[in-house]
Amino acid sequence: MTPRTRRRRAAPGSPGFLRRSQSRWGERAVRVLLVAAALVSVLTTVGIVVALIPPVVDFFGKVDFGKFITGTDWSPLFEPPQFGVLPLVTATLVVTVIALLVAVPLGLGAAVYLSEYASHRVRGIFKPVLEVLAGIPTVVYGFFALRAITPLLQRYWPGGDPPQVFNALSAGFVMGIMIIPTIASLAEDSMAAVPRSLRDGAYALGSSRMQVSTRVVFPAALSGIVAAVVLGVSRAIGETMIVAIAAGGRPNLTFNPLEGMQTMTAFIAAAGIGDLPTGSTGYQTIFAVGLLLFAITLVMNLISIRLVRRYREVYE
Amino acid sequence: MIPTAVTADPPEAPRLKGRRTPLREQFFRLSLWASLAIGVLFLVGLLTYVVVEGWPRLNSKLWTNFPDIIDPSNAGAQSAITGTIWVISFTALYCLPTGVLTAIYLEEYADRDRWWNRAVEINIQNLAAVPSIVYGILGLGVISRGLGFGQTVLTASLTLSLLVLPIVIISSREAIRAVPQSIRQASLSLGATRWQTIWRQVLPAAVPGMATGSILALSRAIGEAAPLLLLGGLTFITFNPTGVQSQFTVLPIQIFNWISQSRAEFTALASAAIVVLLVILLVMNSLAIWLRNHFTHRW
């Protein structure tokens, strides 16, 4: 970016006086075009808000907000409709927790390995391979969870009731694998930003590589690592296809991951497929759940952005 | 011991003669390695599974025939494949210019001291992490029903464009930022205008980076199913789109449709279509990596 030049007027004839050629037509037109393009992104946000607000306002005119947040029965498309969003929220929570139990240790493990242990060549091979995981469409992950992981779990389930055909466990597990690259790459970035001198200092004091990784690099990179985890949380909450395919479509207020359950995103997808008439309460329900989802992920993202900025400031 | 060449990276632990590596250290190393390996093994397992399952159906019927609910053994995905091409072409046509222009504005013109420019930046960072299904709601509420574009190729393309726009903007900005200031200053000092400098010096140098980011953005758009579910992409389509006003289906939606069927033939069909989708994506990703490795300029 070119530094902004503050225009100072010098008197004609004095040193520092340059006659500016008049700003050209084309240059101005280009600038207008560029600003217009930048406005599109702003308009998108405005669009999201505008799309969400009116149906939601209308929705809460008919449905009590307190009942929406605390209700335990969710069947908005049946008669009589029930609008308690809790089953969707707990389902989202269960799937997210399972996904994080998989993604956080594996993602951070991979990040520490790539940043502290791997040779240049090993890193060159494994980083792109890990990135492929992030590039696989989530509909494929959902398919794999339903058709491969769930049967595997059912066959080799040790004792007790095996998981149902649709269950939160295999959806959450596969989602966790999907999130590994997100967490690993951000965490590795923040570990790479830890200055070499800190490591050298620790080595000079006789630390082993494990001690350097866990007691020097890891704490120094902590805010970046937390940001990576928060981003992982927000991806898990917003993920749709895996849960829509593998976790089932039945709202179910339970914390048992072996049962089928419907998350917020899965509900939006399922309700969106049925061609609901504009303005009906069912149609507006999509927007109410969507706004809740948007609000949760927005908070997560703001936290993550703030943390990333903080750790970047430390070593610059 | 003869000292070997000093290597700059990675940071090597000093090799001192002493006790053997403690068990704890070895275990730690092993578990780190395992966490990387699990992801890779999962990937291998997934790829093997879809190829084995889809193998019987990986024949020309897949792209010459249309979907068929009654006779899955003769069903194909032609309408989904052409639909994907239509939707992605229009997505690229809309989001690449918009994204690149926004990136140029933010890097070359915007004054960071102004609050509105900072707002645009934060806004883009946020948009990058908005769940894709929320874009589906945007498409449904504003583009499809609000503007009255309906369940068409155009609606789908616009929705996907907005979804991947942040990726294009962020990667283009990085490519522009990588061009050193001295190039710009040299051009300006020779009397070139700002736009001439950008057009003739900065952009040519930044194109490989932008192309890499754009390909990755489009490959994300190709695999995306969630927002299109809301835009009527699931309707059973047995014809190819003829224009932007046509109804459509795309590969991920078609795959989702087949997964929802319980018969085993449909599982094979879904696997075969997944193989096609993954091949397209792998080709695009390798192209992006190749571009990055061969054309990135070191200054």
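Note that this is a predicted model, so its numbers are computed, not measured. (Residues numbered from 1 in each chain as written. Chains lettered and ligands numbered in written order. Predicted model: local features only at pLDDT ≥ 70, side-chain atom pairs only at ≥ 80, totals over all residues. Heavy atoms only, no water.)

Novice: Explain the overall build of chain B to me, please; I cannot follow it from the model alone.
Specialist: Scanning chain B from N- to C-terminus turns up 11 helices and 0 strands. Order of helices (α) and strands (β) in chain B, N terminus to C terminus: α-α-α-α-α-α-α-α-α-α-α. Taken over the C-alpha trace, chain B has a radius of gyration of 25 Å; the compact-globule value for 299 residues is 19 Å, which it surpasses by more than 25%. If you line up chain B on its principal axes, its C-alpha atoms span 70 × 65 × 35 Å. Taking the intrachain contacts of chain B between residues at least 6 apart in sequence as the baseline, contacts between residues at least 24 apart amount to 73%. (Helix = DSSP H or I, 4+ residues; strand = E, 2+ residues; numbered from the N terminus. Rg over C-alpha atoms; globule rule 2.2 N^0.38 Å. Contact = heavy atoms within 4.5 Å.)

Novice: Can you help me understand the UniProt feature "transmembrane region" (unreviewed entry) in chain B in this one?
Specialist: All names here are of chain B. Sequence positions flagged by UniProt for "transmembrane region" (unreviewed entry) are, in local numbering, residues 27–52, 85–106, 127–147, 153–171 and 266–291. End C-alpha to end C-alpha, residues 85–106 measures 31 Å, and it is 100% helix and 0% strand. Span residues 266–291 is 100% helix and 0% strand, its end C-alpha atoms 37 Å apart. (UniProt positions renumbered as here; feature names shortened; annotations may be inferred.)

Novice: Just checking my understanding: could you explain helix α6 (residues 168–192) of chain A for this structure?
Specialist: Since there are 3.6 residues in each turn of an α-helix, residues three or four apart along the chain are aligned in direction. With 25 residues, α6 of chain A should cover 36 Å at 1.5 Å per step; its first-to-last C-alpha distance of 35 Å lies within 8% of that length. Across the 25 residues that make up α6 of chain A, a large majority, 20, are buried. (Expected span 1.5 Å × (residues − 1). Buried < 20%, exposed > 50% of the residue type's maximum accessible area, 1.4 Å probe, protein only.)

Novice: I tried to follow the confidence of the model for chain A on my own but got confused; where do I start?
Specialist: Chain-level pLDDT for chain A is 87 on average; 91% of the residues reach the 70-or-more range. Confidence scores differ between elements of chain A, with helix α12 (residues 281–314) of chain A showing the lowest mean pLDDT of 83 and helix α3 (residues 86–117) of chain A the highest of 95. (pLDDT = per-residue confidence, 0-100.)

Novice: Just to check I follow, could you spell out the UniProt feature "domain: ABC transmembrane type-1" (unreviewed entry) in chain A for this structure?
Specialist: The UniProt record annotates "domain: ABC transmembrane type-1" (unreviewed entry) at residues 89–304 of chain A. Split by type, residues 89–304 of chain A is 77% helix and 0% strand. Its first and last C-alpha atoms lie 21 Å apart.

Novice: Looking at this structure, I do not really get helix α6 (residues 153–177) of chain B. What am I missing?
Specialist: Residue and element names in this part refer to chain B. With 25 residues, α6 extends 35 Å from end C-alpha to end C-alpha; this agrees with the ideal 36 Å at 1.5 Å per step. Where α6 bends most, the angle comes to about 40°, and this point is V164, followed within four residues by the proline P166. Buried residues dominate α6, accounting for 20 of its 25 residues. (Bend = angle between axes of the 7 residues up to and from the residue.)

Novice: What is the right way to read the pattern of salt bridges from this model?
Specialist: A side chain with one charge may pair with a side chain of the opposite charge, provided their charged atoms come close. Residues and elements named next belong to chain B. Per the stated rule, a full pass over the model turns up 11 salt bridges over all chains. Notably, a salt bridge pairs R177 with E107, separated by 3.2 Å at the nearest N-O pair. Note that R177 is positioned in helix α6 and E107 in helix α3 (residues 78–109), a separation of 70 residues in sequence. Members of the salt-bridge network, linked through shared partners, are E107, R112, E121, R173 and R177. (Salt bridge = Lys/Arg side-chain N within 4 Å of Asp/Glu carboxyl O.)

Novice: How should I be thinking about the interface of chain A and chain B in this particular structure?
Specialist: By a frequent convention, interface size equals the accessible area lost on bringing the separate parts together. Listed per partner, the contact involves 92 residues of chain A and 88 residues of chain B. Counting the surface lost from both chain A and chain B, the interface buries some 8,000 Å², and carbon and sulfur atoms represent 72% of this. The interface formed by chain A and chain B contains 0 salt bridges. Inspection of the chain A/chain B interface yields 15 residue pairs in polar contact (both at pLDDT 80 or more). For the side of chain A that touches chain B, the residue count by class is 57 nonpolar, 22 polar and 13 charged. (Buried area = accessible area lost by both parts, 1.4 Å probe. Polar contact = N/O pair within 3.5 Å; in protein donor to acceptor, adjacent residues only side chain to side chain. Nonpolar A, V, L, I, M, F, W, Y, C, P; charged D, E, K, R; others polar.)

Novice: Hey, could you run me through a nonpolar patch on the surface in this one?
Specialist: A surface patch of nonpolar side chains, amounting to about 360 Å² of accessible area, comprises L39, L43, V46 and V50 of chain A. Tracing the sequence through the fold places V50 of chain A in helix α1 (residues 25–62). (Patch = residues over 30% accessible without salt bridge, like charges linked within 9 Å, V, L, I, M, F, W, Y side chains within 5 Å. Areas by Shrake-Rupley, 256 points an atom, 1.4 Å probe, with all protein chains shown as cover.)

Novice: Quick question: what am I supposed to make of the packing of α3 of chain A against helix α1 (residues 23–54) of chain B here?
Specialist: In helix packing, the relevant descriptors are the interaxial angle and the interaxial distance, both defined with respect to the helix axes. Two elements in contact, α3 of chain A and α1 of chain B, have axes separated by 8 Å at closest approach and are oriented at 115°. With respect to each other, α3 of chain A and α1 of chain B are oriented roughly perpendicular. As α3 of chain A runs across α1 of chain B, the sense of the crossing is left-handed. Residue-level inspection shows P105, L106, G109, A110, V112, Y113, L114 and Y117 of chain A of α3 of chain A in contact with α1 of chain B, the latter providing F28, R29, L32, W33, S35, L36 and I38 of chain B. Classifying every residue of the contact of α3 of chain A with α1 of chain B gives 12 nonpolar, 2 polar and 1 charged. (Axes fitted to C-alpha atoms, helices over the stretch in contact; angles between N-to-C directions. Parallel < 35°, antiparallel > 145°, perpendicular 65-115°, else oblique. Left-handed = near helix turned anticlockwise from the far one by under 90°.)

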